[in-house]
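Listed below, chain by chain, are the residues.
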Amino acid sequence: MAEAADFLGTSPSPARRWLRRAGALLAAAPLLAGLLQLSAAPAAHAAVPEAPRAVSGSRTVAVSLDALTPSVPSEGDTVTVSGTVTNKGRQPVTGAHVGLRVGPHLDTRSEIDAVAQRTDFEFGADGAELGGKYTQKFATLAPGVAQHFSISVPAAKLNLGADGVYEFSVSLSGQTSAQQWEQVLGIQHTFLPWQPSEADTKTRTTFLWPLVSTVHMTAETGPGELQTPVFLNDDLAKDLAPGGRLERMLALGKDLDVTWVIDPDLLASVDAMTRNYQVRTDASATPVAGTHQAVAKQWLAELQQAVAGKEVVALPFADPDLASLAHRGTSVSGSLSQLKDATDVAASTVETVLHVKPATDFAWPVNGAVDPSIVRVATSAGADKVIARSDSLEEPDNLTYTPSAARPIGGGTTAVVADARLSTAFEGDLSQAGASTLAVQRFLAQSLELNGQTSKQRSIVVAPQRMPSTSQAQAMAQALLALQQGTWSQAQDLAAAAKAKPDPGATTKVPSTSDYPSSLRRQELRRPAFAEIATTQDKVDNFQVVLTYASRVVTPFGRALNREMSTSWRGRGSAAESFRDEVRGYLDDLSGEVRLIDKSETKLSGHSATIPVTVQNNLVQGVDHLVLRLTSTNPTRLKIGGKAYAEQPIAVSGGHSQSVKFTTSANANGPVTVIAQLYTQDGQEYGAPVTFDVKVTEVTATVMLVIGGGVLLLVLAGFRMYTQRKRAAAREEKQDPSDTQDAEDAKDPDGPDASDDPDEAQHPEDPENRRGSRDAQGPAAATDDAADATGASGPENPPGPAARLTQESGPRPPAQDREQPSDPAPDTASESADPSGTGEKVDR
């Protein structure tokens, strides 16, 4: 029964438990006695106050491995290791020395990752120190002071065995006053690739060398025919200058076997810098002339030489963010058209600037992260190959080696899967020599380990970060040069890698949209950004139809809209929004140069008149295909061209204005609001409308009757005057000059003194009757009487009545040439561009 308690899940009896405890105490008594003796000496030190800071083991001293040459040693080489050691503690280190340690052979790529992540010393795992003359000693390492070291050792002394990757460490050993025994106080782990002879099967390696930059050019151009481009800043000139990022990328890449991946926007920007250009010094300041034409010309000339005979892949113009477009932009109409335009212009830009024909059938999402929507968008513009990464398209667990890059993913699309470990090897801050050296050695170790996984020959692609820094580019070039001089890899173009036979075990399943990394999703352009791009595109479309040289606007704004979708805006949302606002604002200002001149209240005094409306064009080029519509808001009172509105086509030369006259007709008095609006020929409104009031003061029928009666009376009076003058002239011709004849004529009922008025005939000498007769006859009769009186008393014979009538009246102008008092001169010239004045009268 007691044995039953020893089975799993049962408890021993109390007596058995007591016997076991007693036996354990008796067996442990000798050990306890020995431990008490050994600990007697340290106990004495326990009474001493603790040191200010205890030694923290293998991380007390920082070890920096600044150089390891050669990166891939061969038999007969001497490996030289140099760097610095810095005491990070508060106690000086005595008896210090730097030693080299060769660790075990690493069999997998995961083991390489594990070693790279370790920062401490592990006894046995990090190998024994070479010792002897392959160490460098320091009497004392003072706190905070860096000491340089350099150790050289023949490769034969490293005791490297089979081909492959070995852990290689540099350690600092010493002691402190708190712990007075030698120990490893600092260590740095790296790798030593060992492949002294040619590998039986070499990996075909494709390394992408990206020439990509941020957005530099605006949509704005200087005034005049030359359209001088305006740059956001002068940062591009700094990158192109000696020592700049792009200058280093070009200088390092031209001697390497790489595939050039180029953003055409960068080429267009540098090409623009080779001529006159302007740079903004401040958002509100006037741009100043750029002065770095020579730098731009030299960089372009060197790039043309570097890419001659090499493979060049052109990204869509401005490198659009495919993931943002797929996740946020496809719901906005016209977004995919922007990608198509960016793809179409890419090839021509590269050919024009570099004189090489690029490949345009590759799409490169950010970090090679893909999902079904990204693949659809990437291939919508014509690309049939998508550069992905192996941390997105993960391989199945049963695949024990890294497969070739190419694999079909459906729909005739090939995914070119770059190796994630190799592609991310040069990320992070590599400005320190120690970090750069570790990155190079880790890259080479992963490459050699990958080659040794299988005897199958594979095609591997390396797609580094889009815009490497100067230090990152330097590390990339160093690693790639060592790889090309090594014995296990050979260079290959990207097109060849894409055409390589797919590995049957490689994954072809694209991860779902939910698997897209959240860290990348947070950096995407938002939907409002794509909506704003679409709005600006609509304005460009509406503007270009009225221009005589539309390309002068379509081209710069089309490229600016491509730049608004650039991948370079990731993580810079405020800057991206500011750029979009500037593009839209400049377009509004430019289209606003074609506008209607404001008008004030207009008076219309009459049944009909013409109203002038002026269109002003301050652009350099002419505008055409515009229609001006004038609309009456009250056609019952005022009609335009006999109806509610009238339209006339508009064409205005650059820098000019044109006045257009509309015929109006009034039916009633009172104010009427009139609206002038420009339209494109397809019926889209162009610009803001101009609204003004027309005050109608039409002449009524009663007034017309009064005026007509007055005119009739004037006509009758004139006829009466004419008949009386003819009678007087006839009498004078028959009259004798003597007084007798005058008296006889006076008695003649038809004589000059005869009157039709019976009262006047009865009293011929009555002054009142004579005055009344003259008044009735009008001013002409009075004038004749005065002339007769003068002739009777004058010393000379006056001319006859007929002659006097001719002299006084003279030749009369034709009726159509007579100026009427009711015809005022027009106040507005037909071609005047000035705004109408208050109370302006329109031309009839």
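Refer to the preceding data block for the structure.
It should be emphasised that the depicted structure is a prediction, and the values quoted were computed from it without experimental measurement. (Residues numbered from 1 in each chain as written. Predicted model: local features only at pLDDT ≥ 70, side-chain atom pairs only at ≥ 80, totals over all residues. Heavy atoms only, no water.)

With that out of the way, let us pick up the sheet that holds strand β2 (residues 78–87). One open sheet holds the three strands; their spatial order is β1-β2-β5, and the pairing between them is antiparallel. Edge positions in the sheet fall to β1 (61–69) and β5 (146–154), since each of these pairs with one other strand and no more. Shown here is a sheet whose adjacent strand axes are inclined to one another by a mean of 20°, direction ignored. (Pairing = 2+ DSSP bridges. Helix = DSSP H or I, 4+ residues; strand = E, 2+ residues; numbered from the N terminus. Axes fitted to C-alpha atoms, helices over the stretch in contact; angles between N-to-C directions.)

A few words now on the pattern of salt bridges. Evaluated as defined, the whole model comprises 28 salt bridges. For D113, the salt bridge is made with R442, and the minimal N-O distance between the two is 3.2 Å. Taken as a pair, D113 in helix α3 (residues 109–117) and R442 in helix α12 (residues 433–451) lie far apart in primary sequence, 329 residues in all. Looking at D113, the relative accessible area reads 14%, which means it is buried. Here R563 ties to D265 by a salt bridge, and the two come within 2.9 Å at their closest N and O atoms. Here D265 lies in helix α6 (residues 264–273) and R563 lies in helix α17 (residues 551–564), a separation of 298 residues in the sequence. By relative accessible area, R563 is classed as buried at 3%. According to the relative accessible area criterion, D265 is buried, its value standing at 3%. (Salt bridge = Lys/Arg side-chain N within 4 Å of Asp/Glu carboxyl O. Buried < 20%, exposed > 50% of the residue type's maximum accessible area, 1.4 Å probe, protein only.)

The next point concerns the packing of α3 against α12. The contact between α3 and α12 brings their axes to 9 Å, and the two run at 160°. Classified by the angle their axes make, α3 and α12 are roughly antiparallel. Between α3 and α12 lies a crossing whose hand is right-handed. Seen from α3, the contacting residues are R109, I112, D113 and A116; seen from α12, they are R442, A445, Q446, E449 and L450. (Parallel < 35°, antiparallel > 145°, perpendicular 65-115°, else oblique. Left-handed = near helix turned anticlockwise from the far one by under 90°. Contact = heavy atoms within 4.5 Å.)

By the burial criterion, the buried members of helix α10 (residues 372–380) are S373, I374, V375, V377 and A378. For α10, the secondary structure elements touched by its buried residues are α8 (322–329), α9 (335–354), β15 (362–363) and β16 (385–389). Immediately downstream of α10, the backbone of G382 shows phi near 115°, a positive value.

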